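Descriptive structure summary
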Amino acid sequence: MSLLDGRKGSRATTGGQTSRSGLARYVVAATLARSADGGAVVAIVLLVTTSGAPGWLAGILGACITAPHLFGPFVARTLDTARDGRTVIAWACLMHGATLAAAVLLYPVTPPIVPGLLLIASGLVGPLLTGGISSRLSAIAGGSRTSQRRAHGWDVATYGISGTIGPTLVAAVSAWANPAVAALILAGLTFVAAAVVRVLPPSPPGPAPSEVPRAARTLLMMLSTGPLRRTLYMTVVIALSVAALPISAVASAAGMRVEPAAAGVLTAVYGLGGLLGSAGVMIRPLRSDADHLMTWLGAAVGMALCGAAFAGQFPVAMIVYSFAGMLNSFFFAATLAARSEYAPAGARGQVFVWIGALKITAGSAGTALAGAMALPMTQLPLLFAAALVAVTVGASLLDRRRERSTTRRG
C-alpha cells in the first residue's frame, strides 16, 4: 500500500467514525425531542382532568398542542433558508419546552385561554422536532445509499422509542408526583435536545433564500413530481389506515373472548413489531428503489390489516398485529428514503415537514373514523382500511405507468 493509499484509508476511517458519532448524537437528539413532543398532549390532558376541570376543556387544550402541527410546513421554510438549520431546530426545541412549561405553570392561575395560546405556540414548532430533525439526517448518515437507508432504520426506531417513552414517563411521574411535574420534565428534555442538536454535524450550505420556494409552491412541486406525489398520498393513506388498529383491538376483544384491557397487549405487540422492523432496516437496509418499495410495502401493510380483521383468536391477532407493526416500520423507512432521495435540496426541510404534518393529521382522522365505524361492525374499520390501501396501491401503479408512458412519448 502506498502512502497516498494509506492517507485515503485514514480519511475514510475518520469519515466513517464521524458519521457514526454524528448518527449517535442524532439518535439522542431525535429521541429526546420526540419523546417530549409525543408526551406533551398526555401530560396536558392529565393536568386538566386531575384539576377537576371538565373533559371538554382537556380535549380543547390537548388539541391546542396537536392541531397546529398541520401549519408546520409554513414554519419549515426557515429550515431551508437558514444558514445553519441546526440553529432553527435548536430554537424550536427551546420554544417548545419554554411554552409548554409556561402553559403548565400558568394553568392554575390564569384563564384557560392563556395556556391555550402558549400550547398553540408549542404545537406550531412541534413539526420541526419530528420531520424537521429528519431532514438533517441525509447530511449525517454518510454518502452511500446503504448507509443512508441504515440511518433511516435508526430514525424509525427513534419514533417508536419516543412514542413509548413520552407517555410512559408522563404516566410514571404523574403517579409519583403530579402531571405538572411530568410536563416540566418533558420541557427539560427539549432543552437537552436543543444542546445536542447544536453539536450535530453541519449540513452543506443551501441555496440563497430567494431561491427557496414558499410552502404552497413546495406543495404544488410535490404534487407535480411523481415520486414525491406518491410518497405523499401513500404516507397519508397508510397513516390513516394503521390508526384503526388500536380502535379495532378494543372493539374486537369481546369477539376473541378476552378482557377489553387485553387490547393494550395487541397495541404493545404492534409497537414491538415496529421496533423489530426498524432493527431489521438497520441490519439489512432496504435496497430497491424507494418509489417501488413504498408501493409493495404499502400493499403488505394492507394485507396485514385484512389479516387482523379476520384474526378470530387472540394469539393469532398478536402475531398479525406484530407483523403489521413490522411492515409499517419497513414502509416508514421507505418513505424516509423517498423524501431524502427525491426532495430538491432547496426544499428538503419543507418536504419532510409537509409529509410529516399530513401524516399526523391523517392518523388523527383515522382514529376518529375507526371509532365511528366500529360500532355497527367491529371488523369494518380494518376492512375499510385494507380496501383503501388496495385502491391507493392500484393508483400508485397506474400513476407510475402513466408517468413512464409520458416519458417515452416525450
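A short tour of the structure in this document, coming up.

About the cut-offs
Residues numbered from 1 in each chain as written. Predicted model: local features only at pLDDT ≥ 70, side-chain atom pairs only at ≥ 80, totals over all residues. Heavy atoms only, no water. Core = buried A, V, L, I, M, F, W, Y, C linked by side-chain atoms within 4.5 Å. Buried < 20%, exposed > 50% of the residue type's maximum accessible area, 1.4 Å probe, protein only. Helix = DSSP H or I, 4+ residues; strand = E, 2+ residues; numbered from the N terminus. Contact = heavy atoms within 4.5 Å. Phe/Tyr/Trp six-rings, centres within 6.5 Å; stacked < 30°, edge-to-face > 60°. Lys NZ or Arg CZ within 6 Å of the ring centre and 35° of its normal. Axes fitted to C-alpha atoms, helices over the stretch in contact; angles between N-to-C directions. Parallel < 35°, antiparallel > 145°, perpendicular 65-115°, else oblique. Nonpolar A, V, L, I, M, F, W, Y, C, P; charged D, E, K, R; others polar. Salt bridge = Lys/Arg side-chain N within 4 Å of Asp/Glu carboxyl O. 1 Å grid on protein atoms, 1.4 Å probe; cavity = no way out; pocket = protein on both sides within 12 Å on 5 of 7 lines; lining within 4 Å. Points joined across faces, edges and corners; volume = space filled by probe spheres on them.

1. Here's the deal with the nonpolar core
Counting residues in each nonpolar core, the largest one holds 45 residues, and the members touching the most others are Leu245, Leu266, Leu305, Tyr321, Phe331 and Leu382. Looking at which element gives the most residues to this core, the answer is helix α14 (residues 314-342), with 12 residues. Sequence-distant contacts of tyrosine 321, defined by excluding residues within four places in its chain, comprise Leu245, Ser248, Ala249, Leu266, Val269, Tyr270, Ala308 and Leu382. Core analysis: the next-biggest nonpolar cluster, separate from the first, contains 26 residues, Leu79, Leu128, Ile133 and Val196 among them.

2. Concerning the packing of aromatic side chains
Taken as a whole and judged by the stated rule, the model has two aromatic pairs. Pairing phenylalanine 74 with tryptophan 354 gives two aromatic rings, centres 5.9 Å apart and planes at 65 degrees, and the pair type is edge-to-face. Of this pair, phenylalanine 74 sits in helix α3 (residues 72-81) while tryptophan 354 sits in helix α15 (residues 348-373); the two residues are 280 residues apart in sequence, bridging distant segments of the chain. Under the relative-accessibility criterion, phenylalanine 74 is labelled exposed at 55%. Over the ring of tyrosine 159 we find arginine 34, and its NZ or CZ is 3.9 Å from the ring centre. Of note, lysine 359 hangs over the ring of phenylalanine 332, and the distance from its end group to the ring centre comes to 3.5 Å.

3. Re the environment of glycine 143
Checked against the element boundaries, glycine 143 lands in the loop between α6 (131-134) and α7 (145-176). In this structure the C-alpha to C-alpha distance between glycine 143 and glycine 22, which are 121 residues apart in sequence, comes to 13 Å.

4. What to know about the packing of helix α10 (residues 226-242) against helix α16 (residues 380-409)
At a minimum axis separation of 9 Å, α10 and α16 run at an interaxial angle of 175 degrees. Judged by the inter-axis angle, α10 sits roughly antiparallel to α16. Contacts from Gly226, Pro227, Arg229, Arg230, Tyr233, Met234, Val237, Ile238, Leu240 and Ser241 of α10 reach α16 at Ala385, Leu388, Val389, Thr392, Val393, Ala395, Ser396, Asp399, Arg400, Arg402 and Glu403. Residue composition of the contact of α10 with α16, by class: 11 nonpolar, four polar and six charged.

5. Description of the environment of proline 260
Residue position: proline 260 is located in the loop between α11 (244-251) and α12 (263-283). Residues proline 260 and threonine 31, 229 residues apart in the sequence, show an inter-C-alpha distance of 31 Å.

6. Quick notes on the pattern of salt bridges
This model, assessed by the stated rule, comprises 11 salt bridges. In this structure, aspartate 84 engages arginine 86 in a salt bridge whose closest nitrogen and oxygen atoms are separated by 2.7 Å. Close ionic contact of aspartate 399 with arginine 230 constitutes a salt bridge, the shortest N to O distance being 3.4 Å. You can see aspartate 399 sitting in helix α16 and its partner arginine 230 sitting in helix α10, a full 169 residues away along the chain.

7. Brief notes about empty space enclosed by the protein
Under the definition given, this model contains three cavities of 30 Å³ or more. Size it by volume and the largest cavity reaches roughly 60 Å³. Every residue lining the largest cavity is listed: Leu240, Ser241, Ala244, Gly366, Leu369, Ala370, Met373, Pro381, Phe384 and Ala385. Among the secondary structure elements, those contributing two or more residues to the lining of the largest cavity are α10, α15 and α16. For the lining of the largest cavity, the element with the highest residue contribution is α15, accounting for four residues. Here the residues of the lining of the largest cavity sort into eight nonpolar, two polar and no charged.

Everything listed is a geometric property; what it means functionally is a separate question.
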